[in-house]
Amino acid sequence: MILNYLLKIFQILIVLFVYTSALFDHIDVVNLFDYESDVFFEILEPEELRYTYRVRPATNFGVPLNDTIEMFSTKLVPTEPPFCCSPPENAFQLMGNIALVERGKCTFKKKAIHAEEAGAVGIIITDYDYNSDVYIDMLDDESVRQTSISAAFLLGKNGFVIRSTLKKLNLEYAEINIPLNLTKIGVHKKRQPPWLLW
């Protein structure tokens, strides 16, 4: 009984936090606890990051990220600068790959447009807060410009660990498969990051 009460308070606090964040980013909190549309990807290399990760596709901009788009052995490349609110300095590394971008300083759609213009085939945006465990529904900012790449949101904790591990190993990218159809993967092959609870 007390545990249910505390869980409700926690959910209300998360919703309040997300509504406050909505003033700066175009996000939707209606589906905050609905994970049916989420997609999974796996990191193949480096081995230190070899886990299965959950992302939430953008709600109403870009190309849907589903089983009709399969990217195997694709590179996940952190952008420089990390917010991708201007053309990335490492555009040559993004060409034909997926950009890993931090949330903040501009809209999600603007980040996707800059990544696409640099040649990226997709973008994964991660929260800037290591302690954030909220999935955000990214919405169109209603600007005239459009993007034709897939966009998805990754938990801040995962993004932080991926970026810091690549930096520690002096690597420019992680090799990934996206999306994963978890119904086709045996339970023994699903590897959850040890720093998260699903």
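It should be emphasised that the depicted structure is a prediction, and the values quoted were computed from it without experimental measurement. (Residues numbered from 1 in each chain as written. Predicted model: local features only at pLDDT ≥ 70, side-chain atom pairs only at ≥ 80, totals over all residues. Heavy atoms only, no water.)

**Q** Residues and numbers for the overall build of the protein, please.
**A** The number of helices and strands found in the protein is four helices and nine strands. Reading the secondary structure of the protein in the N-to-C direction produces α-β-β-β-β-α-β-α-β-β-β-α-β. Counting only residues that meet the buried cut, the protein has 49% of its 198 residues in that class. Sequence separation of 24 or more characterises 71% of the internal contacts of the protein that already satisfy a separation of 6 or more. In the structure as shown, the protein presents an accessible area of about 10,600 Å², 58% of it carried by carbon and sulfur atoms. (Helix = DSSP H or I, 4+ residues; strand = E, 2+ residues; numbered from the N terminus. Buried < 20%, exposed > 50% of the residue type's maximum accessible area, 1.4 Å probe, protein only. Contact = heavy atoms within 4.5 Å. Areas by Shrake-Rupley, 256 points an atom, 1.4 Å probe, with all protein chains shown as cover.)

**Q** For the pattern of salt bridges, give the residues involved together with the corresponding values.
**A** When the charged atoms of two side chains with opposite charge come close together, those side chains can pair. If you walk through the whole model with that rule in mind, you get six salt bridges. Close ionic contact of Asp38 with Arg56 constitutes a salt bridge, the shortest N to O distance being 2.8 Å. In this pair, Asp38 is assigned in the loop between strand 1 (27-28) and strand 2 (39-45) and Arg56 in strand 3 (residues 52-57), connecting sequence segments 18 residues apart. Pair check on accessibility: Asp38 and Arg56 agree, each one buried. For the salt bridge of Arg145 with Glu117, the shortest nitrogen-to-oxygen distance reads 2.2 Å. One end of the pair, Arg145, is in the loop between strand 7 (137-138) and strand 8 (150-154); the other, Glu117, is in helix 3 (residues 108-117), and 28 residues separate them in sequence. The exposure class assigned to Arg145 is partly exposed, which follows from its relative accessible area of 45%. (Salt bridge = Lys/Arg side-chain N within 4 Å of Asp/Glu carboxyl O.)

**Q** I'd like a rundown of helix 4 (residues 156-168), residues and numbers included.
**A** Across its 13 residues, helix 4 extends 18 Å between first and last C-alpha, which sits within 8% of the 18 Å expected from 1.5 Å per residue. Burial in helix 4 covers these residues: Gly156, Lys157, Asn158, Gly159, Val161, Ile162, Arg163, Thr165 and Leu166. Positive backbone phi, approximately 60°, marks Asn170, located one or two places after helix 4. (Expected span 1.5 Å × (residues − 1).)

**Q** Can you explain the pairing of strand 5 (residues 98-102)? Please cite residues and give values.
**A** In terms of burial, strand 5 is a largely internal element, five of the five residues being buried. Burial along strand 5 is two-sided: Ile98, Leu100 and Glu102 and Ala99 and Val101, pointing in opposite directions, are all buried. As paired strands, strand 4 (residues 71-78) and strand 5 are joined by three bridges and run parallel to one another. Within strand 5, the residue paired with Pro78 across the bridge is Leu100. Across five bridges, the pairing between strand 5 and strand 6 (residues 122-126) is parallel. Residue pairing in the sheet places Val101 in a bridge with Ile125 of strand 6. (Pairing = 2+ DSSP bridges.)

**Q** Would you mind going over the side chain of Asp38 in detail, with residue names and values included?
**A** Owing to a relative accessible area of 10%, Asp38 belongs among the buried residues under this scheme. Separated by 2.8 Å, the side chains of Asp38 and Arg56 make a polar contact. Among residues more than four places away in sequence, those in contact with Asp38 are Arg54, Val55, Arg56 and Pro57. (Polar contact = N/O pair within 3.5 Å; in protein donor to acceptor, adjacent residues only side chain to side chain.)

**Q** Can you lay out the packing of aromatic side chains for me, pointing to particular residues and giving the numbers?
**A** In the structure shown here, the tally under the stated rule is three aromatic pairs. Centroid distance Tyr51 to Trp195: 5.5 Å. Interplanar angle 85°. Geometry classified as edge-to-face. With Tyr51 in the loop between strand 2 and strand 3 and Trp195 in the segment after strand 9 (174-180), this pair connects stretches of sequence that are 144 residues apart. The exposure class of Tyr51 is buried, given its relative accessible area of 16%. For Trp195, a relative accessible area of 22% puts it in the partly exposed group. (Phe/Tyr/Trp six-rings, centres within 6.5 Å; stacked < 30°, edge-to-face > 60°.)

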